[in-house]
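Inside the fold
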There are 2 protein chains.
Amino acid sequence: MGRLEDICQVAERLFSERGYHATSIRDIARKLHLQGGSLYAHISTKEDLLWEIVRRAAEQFLQAIEAVLRQESDPVARFRGAFRAHVAVIARNLPAATVYFHEWRQLSPQRREAVLQQRDLYEAMWREIVHGGIEQGVFRPVDVAMATRAVLSVANWFYQWYRPEGPRSAESIADELSELLLAGLVKEGQS
Amino acid sequence: MGRLEDICQVAERLFSERGYHATSIRDIARKLHLQGGSLYAHISTKEDLLWEIVRRAAEQFLQAIEAVLRQESDPVARFRGAFRAHVAVIARNLPAATVYFHEWRQLSPQRREAVLQQRDLYEAMWREIVHGGIEQGVFRPVDVAMATRAVLSVANWFYQWYRPEGPRSAESIADELSELLLAGLVKEGQS
DNA sequence: AGGGGACGCGAACAACCGTTCGTTTGCTTT
DNA sequence: AAAGCAAACGAACGGTTGTTCGCGTCCCCT
């Protein structure tokens, strides 16, 4: 089954660099020294390939935040952990994350709906973190939905500018960004 | 010249909804009750159409922040003004802004380069705002590049979730978001 | 040793792509 | 009324798209 993995990996790279519709099945095949039609021994549809990439990425985001929520209970620790985990998922697999954020609209209506449902669930977990911080008096009483959107904006936009060959590690960047966001959330006094 | 404007408007909508490569010249023509080939009396290339949309959007962002920098000098006022202006450009022309952020990579290498240069210039102006705030002792001594990236993440991601038919006005949202970001930047004491 | 299944080839498919072009239409100007 | 002109038609172009399929070829299992 190593071949399918190879195909996915090449597809991730090309889809992320050129976009889904600007990448042909023959482009993917060429990078593997194969003929276009040969890919259909391993995949059944070009869209299935996109779906596989998007589905896996979505799964990783969910698993990452669930692990944090399971292990941490303090709002600030949860916030830092979830932010760091989100950034790590992107950094660990930048092409797949890029495809996830950029190309999910090209999926069929049903699959698009599934992505949206997963995204809503993910955002609800983040809102829970923010809500918990306010309820425990650690965060200022800001609008939960709006603050969550701001946080996720920074977290999601990360894929647009992060480059692994850059000078700073993803963890170091994640910590600095989450510190900046926390400063806007936490009540004046202690961090 | 009204016809070209019609074409641009339809192209903005379709490109933003389905993506550039998923929209054919015939799709655009159909919405105008025209034949595919008829568009070529007004445009010279499909890519030229995309370029026109992207170019105009980029221009609006630049003009908006330049006006703010010209009128305001206080760092906090500049920050609030620039953020509000950025969000207003997106809200005022959501389809074009969506195409700008989402499809600029599909342009030719030279035009892509021009977009990048403009974006760098825009970001430099934002860094100038943050830098000025720190220098005057109004903002905490954060990393200018990183803080600017965080702010622009929230500002740019706005197009992904803002819907004009929603309950809150773009200005009200912009003010709340910029307040949240400012709280993370400003030194403890006064706002 | 021999049979079977996975894998890859390469030609072919219908559909669609962006773009061109000769022709027709219909309005405006003289 | 005639001439001119921009706009739209509609057929056609060469190329590319995703996908199919019959055919070999190689390796693994018994």
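Residues numbered from 1 in each chain as written. Chains lettered and ligands numbered in written order. Predicted model: local features only at pLDDT ≥ 70, side-chain atom pairs only at ≥ 80, totals over all residues. Heavy atoms only, no water.

**Details of the relation of the copies chain B and chain A**
What counts here: A least-squares fit on C-alpha atoms brings the copies together, and the residues used are those whose pLDDT is at least 70 in both copies. Contacts were defined at the residue level, with two residues in contact if any of their heavy atoms lie within 4.5 Å.
By a simple turn and slide, chain B fits onto chain A: the slide is 0.0 Å along the axis, the RMSD is 0.0 Å, and the turn is 180°. Classification of the inter-copy transformation places it as that of a two-fold axis. Residues of chain B ranked by C-alpha distance from the rotation axis are headed by Gly184 of chain B, positioned 1.8 Å from it. Both copies contact each other with a shared surface, as 100% of the interface residues of chain B are interface residues in chain A too.

**Some points on the layout of surface pockets**
Our working definition: A 1.4 Å probe that fits but cannot get out identifies a cavity on a 1 Å grid over protein atoms alone, an open set with protein on both sides within 12 Å along at least five of seven lines counts as a pocket, and a residue lines either if it has an atom within 4 Å of a point. Grid points are joined across faces, edges and corners, and a volume is the space filled by probe spheres set on the points. Secondary structure elements are defined from DSSP: runs of H or I of at least 4 residues count as helices, runs of E of at least 2 residues count as strands, and each element is numbered from the N terminus. Residues were grouped as follows: Ala, Val, Leu, Ile, Met, Phe, Trp, Tyr, Cys and Pro as nonpolar; Asp, Glu, Lys and Arg as charged; and all remaining residues, including Gly, as polar.
Of the voids in this model, the largest pocket is the one considered here, and its volume is about 900 Å³. Lining the largest pocket are 36 residues; nearest its centre among them are Trp104, Arg105 and Arg119 of chain A together with Gln160 and Arg163 of chain B. When contributions to the lining of the largest pocket are tallied by element, the ones reaching two or more residues are helix 5 (94-103), helix 6 (109-135) and helix 7 (144-161) of chain A together with helix 1 (2-18), helix 5 (94-103) and helix 7 (144-161) of chain B. Looking at the lining of the largest pocket, the element that brings in the most residues is helix 6 of chain A, giving nine residues. Across the lining of the largest pocket, the residue classes tally to 15 nonpolar, ten polar and eleven charged.

**Looking at the protein's contact with DNA strand C**
Our working definition: Near is defined per residue: the residue qualifies when any heavy atom it owns lies within 4 Å of the molecule or strand. Between N or O atoms, a polar contact is any pair within 3.5 Å; within protein, one atom must be a potential hydrogen donor and the other a potential acceptor, and residues adjacent in sequence are included only when both atoms are from side chains.
Taken together, 15 residues lie around DNA strand C, and Arg3, Gln35 and His42 of chain A together with Tyr40 and Lys46 of chain B are the ones closest in. Between DNA strand C and Arg26 of chain A, the relevant distance is 3.3 Å, taken from a base nitrogen to a side-chain nitrogen or oxygen of the residue. Note that a phosphate oxygen of DNA strand C is positioned 3.3 Å from one of the side-chain N or O atoms of Thr45 of chain B. Each residue belonging to the surface near DNA strand C can be placed in one class, and the counts come to three nonpolar, eight polar and four charged.

**Concerning the interface of chain B and chain A**
What counts, and what does not: When two parts are put together, the accessible area they lose, computed with a 1.4 Å probe and summed over both, is reported as buried area. Salt-bridge detection follows one rule: a side-chain nitrogen of Lys or Arg within 4 Å of a carboxyl oxygen of Asp or Glu.
Between chain B and chain A, the contact holds 31 residues from the first and 31 residues from the second. For the pair chain B and chain A, the summed buried area comes to about 3,000 Å², and 60% of that belongs to carbon and sulfur atoms. Contact with chain A buries surface across chain B, with Met146, Trp157 and Leu180 of chain B losing the most and accounting together for 22% of the total. For the pair chain B and chain A, the number of links is zero salt bridges. Where chain B meets chain A, there are five residue pairs in polar contact (both at pLDDT 80 or more). Listed by contribution, the elements that provide at least two residues to the side of chain B that touches chain A are helix 5, helix 7 and helix 8 (170-185) of chain B. Here the side of chain B that touches chain A takes eleven residues from helix 7 of chain B, the largest share from any one element. For the side of chain B that touches chain A, the class distribution of residues is 14 nonpolar, nine polar and eight charged.

**Structural notes on the packing of aromatic side chains**
This is how it is decided: Classification of ring pairs rests on two measures: the distance between centres of Phe, Tyr or Trp rings, Trp counted by its six-membered ring, which must be within 6.5 Å, and the angle between planes, read as stacked under 30 degrees, edge-to-face over 60 and tilted in between. With a 1.4 Å probe rolled over the protein chains alone, any residue whose accessible area is under 20% of its type maximum counts as buried; one over 50% counts as exposed, and the rest are partly exposed.
Under the definition given, this model contains 25 aromatic pairs over all chains. Residues Phe61 of chain A and Tyr100 of chain A carry aromatic rings whose centres are separated by 5.5 Å and whose planes lie at 35° to one another, so their mutual orientation is tilted. Taken together, the positions of Phe61 of chain A in helix 3 (residues 46-71) and Tyr100 of chain A in helix 5 put the pair 39 residues apart, joining distant regions of the chain. The class for Phe61 of chain A is buried, based on a relative accessible area of 3%. Put simply, the rings of Phe61, Tyr100, Phe101, Tyr122, Trp157 and Tyr159 of chain A together with Phe61, Tyr100, Phe101, Tyr122, Trp157 and Tyr159 of chain B touch in pairs and so form one group of aromatic residues.

**Things to note about the environment of Trp104 of chain A**
Residue and element names in this part refer to chain A. Mapped onto the fold, Trp104 is located in the loop between helix 5 and helix 6. You can call Trp104 buried: its relative accessible area is 10%. The sequence separation of Trp104 and Arg55 amounts to 49 residues, and the corresponding C-alpha distance is 9.5 Å. Contact partners of Trp104, with chain neighbours within four places excluded, come to Val54, Val99, Arg112, Val115, Leu116 and Arg119.

**What to know about the nonpolar core**
Where we set the bar: Here, nonpolar core means buried Ala, Val, Leu, Ile, Met, Phe, Trp, Tyr and Cys residues that are tied together by side-chain atoms lying within 4.5 Å of each other.
Ile28, Phe83 and Trp126 of chain A together with Ile28, Phe83 and Trp126 of chain B are the most contacted members of the largest nonpolar core, which has 143 residues in total. Residues contacting Trp126 of chain B, with those up to four places away along its chain left out, are Ile65, Phe79, Ala82, Phe83, Thr148, Val151 and Leu152 of chain B.

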